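Structural overview for review
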Amino acid sequence: GAVVSQHPSWVICKSGTSVKIECRSLDFQATTMFWYRQFPKQSLMLMATSNEGSKATYEQGVEKDKFLINHASLTLSTLTVTSAHPEDSSFYICSATPPGEGGYTFGSGTRLTVV
Amino acid sequence: AQSVTQLGSHVSVSEGALVLLRCNYSSSVPPYLFWYVQYPNQGLQLLLKYTTGATLVKGINGFEAEFKKSETSFHLTKPSAHMSDAAEYFCAVTYSGGYQKVTFGTGTKLQVIP
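Right, let's walk through the structure included here.

**Focus: the overall build of chain B**
From N to C terminus, chain B includes 0 helices and 11 strands. Along chain B, helices and strands appear, N-terminal first, in the series β-β-β-β-β-β-β-β-β-β-β. Against the globule reference of 13 Å for 114 residues, chain B gives a C-alpha radius of gyration of 14 Å, in line with a compact fold. Expressed along its principal axes, the backbone C-alpha trace of chain B runs to roughly 45 × 30 × 20 Å. Long-range contacts, defined here as pairs at least 24 residues apart, represent 56% of the contacts in chain B between residues at least 6 apart. Separation between the mean location of the 8 positive side-chain charges and that of the 6 negative ones in chain B comes to 7 Å.

What follows is the structure, encoded as structure tokens:
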């Protein structure tokens, strides 16, 4: 089946630095990808919709300048957490819709810890 | 607007017993419904989905779910629980028409007791 690869699986960074997370569709083209954030023991909250070749659409309450999304190709979307702070520590997951499948394939997630 | 309600944040069953995880949805248009499983520190894996057609949907690992429009429900079942089924399960809803936002329920953590 369709695979969405997410990298890195986990990352620890110092407060004030930036971290980039990659989301790749391995065997299909994805003009749209989604970025979610999951707090401990909670559900997934949609952060933004990443659109290839155009600006991302952010959900209400999500800081555009802190969570930079770039969808430069049909198989790659990146999420950069800028000037990270401990409260940004979370589990970030991306997803994409393989054509014709009527469903969403999720990446394996990235555990971000800001110290 | 669409929403999903999962009844019971924690469910415990004995190994070999029936698993029933409840999900009710709200959608103003015909929904697409999904069940995902998440193991600790991992992403989500699709168990099964309902889009159109047969209302009883069979998924992986022996799970199945039935779409009941009259009850606005999409409950997940498995006849006999296995220890490896212990995980968190999320029900989700979206609808057709391109790339639509997916709304997730709050999740149900399944514990399987040996």
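The structure having been displayed, the exposition proceeds.
**Describing the environment of F67 of chain B**
Residue and element names in this part refer to chain B. Following the sequence through the fold, F67 ends up in strand β7 (residues 64–68). Sequence separation between F67 and Q111 is 44 residues; the distance between their C-alpha atoms is 24 Å. In contact with F67, not counting residues within four places along its chain, are Y25, P31, L33, Y50, T55, S73 and F74.

**Some words on the nonpolar core**
Residue and element names in this part refer to chain B. Core analysis: the biggest nonpolar cluster contains 26 residues, and W35, L48, L76 and Y89 have the highest contact counts within it. Counting residues per element, the ones that place at least two in this core are β2 (10–14), β3 (19–27), β4 (31–38), β5 (44–50), β7, β8 (73–78), β9 (87–95) and β11 (108–113). Aside from chain neighbours lying at most four places away, what touches Y89 is Q6, L21, W35, Y36, V37, L47, F63, L76, G107, T108 and L110.

**Some thoughts on the interface of chain B and chain A**
The partner chain A presents 22 residues to the 20 residues of chain B that form the contact. For the pair chain B and chain A, the summed buried surface comes to about 1,600 Å²; carbon and sulfur atoms form 55% of the total. Summed over the shared surface of chain B and chain A, the number is 3 residue pairs in polar contact (both at pLDDT 80 or more). For the side of chain B that touches chain A, the secondary-structure elements that each account for two or more residues are β4, β5 and β9 of chain B. Broken down by element, the side of chain B that touches chain A gets its largest block of residues, 4 residues, from β4 of chain B. Here the side of chain B that touches chain A is composed, by residue class, of 8 nonpolar, 10 polar and 2 charged.

**Here's the deal with the packing of aromatic side chains**
Evaluation of the coordinates by the stated rule reveals 10 aromatic pairs over all chains. On the numbers, 5.5 Å between centres and 90° between planes, the contact of Y36 of chain A with F104 of chain B is edge-to-face. One end of the pair, Y36 of chain A, is in strand β4 (residues 32–38); the other, F104 of chain B, is in strand β10 (residues 103–104), on a second chain. The class for F104 of chain B is buried, based on a relative accessible area of 8%.

**Focus: the sheet that holds β7 of chain B**
Residue and element names in this part refer to chain B. In spatial order, the strands read β1-β3-β8-β7-β6; together these 5 strands make up an open sheet with antiparallel pairing. Each end of this open sheet is capped by a strand with a single partner; those strands are β1 (2–7) and β6 (56–58). Each adjacent strand pair in this sheet contributes to an overall mean axis angle of 20°, direction not counted. Bridge analysis of β3 against β8 gives 4 bridges, and the strand direction is antiparallel. When the sheet's bridge partners are listed, N24 is paired in β8 with S73.

**A few points about the state of the cysteines**
By definition, a disulfide links the sulfur atoms of two cysteines through a covalent bond. All told, the structure shown has 2 disulfides over all chains when counted by the stated rule. Here C23 of chain A is linked by a disulfide to C94 of chain A, with a sulfur-sulfur distance of 2.0 Å. Across the S-S bond linking C23 of chain A and C94 of chain A, the dihedral sits near 85°, which makes this disulfide right-handed. Here C23 of chain A, found in strand β3 (residues 19–25), pairs with C94 of chain A, found in strand β9 (residues 90–96); they are 71 residues apart in sequence, far enough to count as distant. The class for C94 of chain A is buried, based on a relative accessible area of 0%. What pairs with C23 of chain B in a disulfide is C91 of chain B, and their sulfur atoms sit 1.9 Å apart. Judged by the sign of its S-S torsion, about -65°, the bond between C23 of chain B and C91 of chain B is left-handed. Note that C23 of chain B is positioned in strand β3 and C91 of chain B in strand β9, a separation of 68 residues in sequence. Look at C23 of chain B and you get buried, because its relative accessible area is 0%. The cysteine C13 of chain A is free of any disulfide, with C94 of chain A supplying the nearest cysteine sulfur at 18 Å.

What counts and how
- Residues numbered from 1 in each chain as written.
- Chains lettered and ligands numbered in written order.
- Predicted model: local features only at pLDDT ≥ 70, side-chain atom pairs only at ≥ 80, totals over all residues.
- Heavy atoms only, no water.
- Helix = DSSP H or I, 4+ residues; strand = E, 2+ residues; numbered from the N terminus.
- Rg over C-alpha atoms; globule rule 2.2 N^0.38 Å.
- Contact = heavy atoms within 4.5 Å.
- Lys, Arg positive; Asp, Glu negative; His and termini not counted.
- Charge placed at Lys NZ, Arg CZ, Asp CG, Glu CD.
- Core = buried A, V, L, I, M, F, W, Y, C linked by side-chain atoms within 4.5 Å.
- Buried < 20%, exposed > 50% of the residue type's maximum accessible area, 1.4 Å probe, protein only.
- Buried area = accessible area lost by both parts, 1.4 Å probe.
- Polar contact = N/O pair within 3.5 Å; in protein donor to acceptor, adjacent residues only side chain to side chain.
- Nonpolar A, V, L, I, M, F, W, Y, C, P; charged D, E, K, R; others polar.
- Phe/Tyr/Trp six-rings, centres within 6.5 Å; stacked < 30°, edge-to-face > 60°.
- Pairing = 2+ DSSP bridges.
- Axes fitted to C-alpha atoms, helices over the stretch in contact; angles between N-to-C directions.
- Disulfide = S-S within 2.5 Å.

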